[in-house]
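Here are the chains, one letter per residue:
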Amino acid sequence: GDCRYLSTLASIARTNPEAIRQAVVELGDGTYAVQFANANGDKSFVRVDADLPTASWGGMMYADLGSQQSLWVAIMEKAYACYRDGGLASYSDLDGGWMDEAFTDLGYQSDAIWSVTNGDDLLDKISNELSAGKAVTIAINQPKNGAPLVGSHAYTVVSVQTDSQGRKTLTLRNPWGIDGAGYDAHDDGYVTVTSLQAFTSFWGVISSNVG
């Protein structure tokens, strides 16, 4: 239930990896410090170990390990569960919410797009945010017009493309690491939708300058 947090982390990592390196640090004793901030911008740190919940079948219960068995996402998720609960790693406290809240908790201000006139207008606005160097996320309400998307779900925005005939498409990354809906021959979490599908399916776009 914390897709809004994981999609936000991914958007920051895509845009400014150094921001992630500064937000989580290994302390050398098997624990990690993760930096958060309140609405006033006051910073605080949560210290957690790398004991991560696993499912009965042996895999990770929540965020999985990344490339080359990297831990940072799972560590930052555990720390966020502690931060939200006031000390204990209560993952249930992460269920639901919006990406602006995640950006705020990570120390960033955010902007939102709630209303557009059509699909091209939406993708043009998203393209402008990406061109400005912002980390961009999108919330999907209910998929429409055959969009290969998951409803009530948050994605990281990857890119906007325009073909030779002027038709625009939007590529997103599902924080699950798999497509989750539809099939494009590569179940890698990256999905591409048309401007119409994006327009009729989106709930809101949240972006932030994380440079």
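See the structure above.
Values in this document were obtained by computation on a predicted structure and should not be read as measured data.

### Brief notes about the pattern of salt bridges
- If you walk through the whole model with that rule in mind, you get 11 salt bridges.
- In this structure, a network of salt bridges that share partners links the residues R4, R84, E101 and D105.

### Structural notes on the pairing of strand 3 (residues 43–49)
- In this structure, strand 2 (residues 31–37) lies alongside strand 3, joined through seven bridges in antiparallel fashion. When the sheet's bridge partners are listed, V34 is paired in strand 3 with V46.
- The antiparallel hairpin formed by strand 2 and strand 3 contains five residues in its connecting segment, where G41 sits at a positive phi of about 90°.

### Here we look at the packing of helix 1 (residues 3–15) against helix 3 (residues 72–85)
- At their nearest, the axes of helix 1 and helix 3 sit 11 Å apart, and the two run at 130° to each other. Put simply, helix 1 runs oblique to helix 3. Crossing of helix 1 over helix 3 shows right-handed handedness. Counted together, R4, Y5, L6, L9 and A13 of helix 1 and W72, V73, M76, E77, Y80 and R84 of helix 3 form the full contact between these two elements.
- Among the residues making up the contact of helix 1 with helix 3, the classes are represented as eight nonpolar, no polar and three charged.

### A few points about the pairing of strand 5 (residues 135–140)
- Burial analysis of strand 5 places six of its six residues in the buried class, which makes it a mostly covered element.
- Neither face of strand 5 is left uncovered, since the one carrying A135, T137 and A139 and the one carrying V136, I138 and I140 both have all their residues buried.
- Here six bridges tie strand 5 to strand 9 (residues 202–208), and the two strands are oriented antiparallel to one another. Residue pairing across strands places T137 opposite I206, the latter belonging to strand 9.
- Examined bridge by bridge, strand 5 and strand 6 (residues 153–162) share four bridges and lie antiparallel to one another. Pairing of I138 across the sheet is with Y155, part of strand 6.

### A word on unusual backbone geometry
- Unlike most non-glycine residues, Q68 shows phi in positive territory, near 55°.
- By the element assignment, Q68 lies in the loop between strand 3 and helix 3.
- The class for Q68 is exposed, based on a relative accessible area of 78%.
- Unlike most non-glycine residues, Q69 shows phi in positive territory, near 60°.
- Tracing the chain through its elements places Q69 in the loop between strand 3 and helix 3.
- Of the residues examined, Q69 reaches a relative accessible area of 56% and is grouped as exposed.

### Quick look at the nonpolar core
- Counting 36 residues, the largest nonpolar core has Y5, I12, F36, M76 and L106 as its most contacted members.
- Listing elements by their share of this core, those giving two or more residues are helix 1, helix 2 (17–23), strand 2, strand 3, helix 3, helix 4 (99–105) and strand 5.
- Considering every element that reaches this core, the biggest residue donor is helix 3, with seven residues.
- Not counting chain neighbours up to four residues away, the residues in contact with I12 comprise P17, A19, I20, F103, L106, Y108, A135 and V210.

### Let's talk about the layout of surface pockets
- Approximately 820 Å³ is the volume attributed to the largest pocket.
- Along the wall of the largest pocket there are 32 residues; nearest its centre are L6, A63, D64, V73 and P175.
- Counting only elements with at least two residues in the lining of the largest pocket, the list comes to helix 1 and helix 3.
- Considering every element that reaches the lining of the largest pocket, the biggest residue donor is helix 1, with six residues.
- Along the lines of polarity and charge, the residues of the lining of the largest pocket split into 18 nonpolar, eight polar and six charged.
- Estimates place the volume of the second largest pocket at around 330 Å³.
- Along its surface, the second largest pocket is lined by 21 residues, and Q35, K43, L106, G107 and Y108 are the ones closest to its centre.
- Of all the secondary-structure elements, those providing two or more residues to the lining of the second largest pocket are helix 2 and strand 2.
- With four residues, the single largest contributor to the lining of the second largest pocket is helix 2.
- Taken together, the residues of the lining of the second largest pocket break down into 10 nonpolar, 10 polar and one charged.

What counts, and where the lines are drawn
- Residues numbered from 1 in each chain as written.
- Predicted model: local features only at pLDDT ≥ 70, side-chain atom pairs only at ≥ 80, totals over all residues.
- Heavy atoms only, no water.
- Salt bridge = Lys/Arg side-chain N within 4 Å of Asp/Glu carboxyl O.
- Pairing = 2+ DSSP bridges.
- Helix = DSSP H or I, 4+ residues; strand = E, 2+ residues; numbered from the N terminus.
- Axes fitted to C-alpha atoms, helices over the stretch in contact; angles between N-to-C directions.
- Parallel < 35°, antiparallel > 145°, perpendicular 65-115°, else oblique.
- Left-handed = near helix turned anticlockwise from the far one by under 90°.
- Contact = heavy atoms within 4.5 Å.
- Nonpolar A, V, L, I, M, F, W, Y, C, P; charged D, E, K, R; others polar.
- Buried < 20%, exposed > 50% of the residue type's maximum accessible area, 1.4 Å probe, protein only.
- Core = buried A, V, L, I, M, F, W, Y, C linked by side-chain atoms within 4.5 Å.
- 1 Å grid on protein atoms, 1.4 Å probe; cavity = no way out; pocket = protein on both sides within 12 Å on 5 of 7 lines; lining within 4 Å.
- Points joined across faces, edges and corners; volume = space filled by probe spheres on them.

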